[in-house]
Amino acid sequence: MSHTVTAGLDGSRESRRALAWAAAEAVRREAVLEVVQVHETGAYPYSQLLDDQVEIDQAERLTKEATAEIHSRHPGLQVTTQVVAGRPASVLDEVASRSDLLVLGTRGLGGLRGFLVGSAALPAVAHARCPVVLVRSRDDGGGEHHPGGAGDTGDVVLGLTPERTPPEIVDFAFDAAARRSARLRVRYGLEAPPAHRFRHRHESPLPDEGLLREQTDRLRSNLEPWRERFPAVETDCRTVVGAPAIQLVEEAADAVLLVVGRRPHQRRVGTYIGPVTHAVMHHAVVPVAVVPYR
C-alpha cells in the first residue's frame, strides 16, 4: 500500500516553502507527493477579477511550474497534481481523509509576532484525520532566517505530559526523529504555582525539585516502549517550569520539527484545538506537526 504526502499550493512564498518541505518528507517516507491547488468557489470567493477559466488556467500553470521544480530536486519522486474547485477548508478536509500527511504553508509576521494562521489552515488542523504540518517561509519578511527547512538538520521536539501519552503523537515523533537520524527532545511544561509567578527572575520559581524529577521519570517510563522500538533514536526527557506553550516554542527555536497533539474534536464546526497547540501554531518559527489523537 503506497503512502501519500499532500501539499496545498496557492502560489504564495509560504506554500512553495511548504511544498519543498513536503517533497523532502515524501522522499523520506518513500511516499507519493500529491500537490493540490484549490480554485475557490462559493458565496464569497477571494477573487472577482478573473473569470473561472482564466483562474483555472493560472492555477494549472502554477502547479506545473512548481512540480517541475520538485522533479528537478527529486527526480525519482512520484508526484500527482490536481486543481480542485471548492472552498479551501472543505477541499483540504476531504483531501486529508485519504492522505497520510497534509502540509500547508502559513504566513509569518516575524519571530515575536509569530504565525498568522490562515482561514484554510486553521480548520484543516482542527478537523483533519491525518497529521498536519504547518510550514512558514524561511524568510519571515523581517530578514530573519529560521531553521526547519526541507534540508535542515536538528532535533525533533515533542510536547507531552506525564499524565497522558497518546500513541499517535509519540509514534509520529519517534518516526520523524528516526527518519532524520535526529535526537528527540521530549518536554513537559509545568506551570509554576501562582504564588511564584510574580517573582523576579533571580528568585527561583521552581516547584519542589523532587516533583520535577518525578515528572521527568514518569515521562521516561511512559516512553520506554518506543525507546525499545526505536533504539537508534536518542531521547532527552525533561520537565521544565513555565507555561507549556512558551516553553515549547523556546525549546524548538533551534529544532527541525516541533510535534504537538490535537484533542479529539467531534463536531464538524468550530476550530477548537486546545490552548497549547493553538499558541504553538501561532508562535513557533519551525515547522509544527499537529497530530490528532483519540
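Residues numbered from 1 in each chain as written. Predicted model: local features only at pLDDT ≥ 70, side-chain atom pairs only at ≥ 80, totals over all residues. Heavy atoms only, no water.

A.B. asks: Would you take a moment to explain the pairing of strand β10 (residues 257-262) for this structure?
C.D. replies: A regular strand places its side chains so that they alternate between the two faces of the sheet. Most of β10 sits inside the fold, with six of its six residues counted as buried. Burial of β10 is two-sided: the residues L257, V259 and G261 facing one way and the residues L258, V260 and R262 facing the other way are all buried. Of the pairings in the sheet, the one linking strand β7 (residues 156-159) to β10 comprises three bridges and is parallel in character. Across the sheet, the residue bridging to V157 is L258, located in β10. In this sheet, strand β11 (residues 288-292) lies alongside β10 in parallel orientation, the contact comprising five bridges. Note that in β11 the partner of V259 across the bridge is A289. (Buried < 20%, exposed > 50% of the residue type's maximum accessible area, 1.4 Å probe, protein only. Helix = DSSP H or I, 4+ residues; strand = E, 2+ residues; numbered from the N terminus. Pairing = 2+ DSSP bridges.)

A.B. asks: What should I look at first to understand the environment of E34 in this one?
C.D. replies: Among the structural elements, E34 can be located in strand β2 (residues 32-40). A relative accessible area of 9% means that E34 is categorised as buried. For the pair E34 and V5, spaced 29 residues apart in the sequence, the C-alpha separation amounts to 6.1 Å. Apart from residues lying up to four places away in sequence, E34 is in contact with T4, V5, T6, A7, T80, Q82, V95 and R98. (Contact = heavy atoms within 4.5 Å.)

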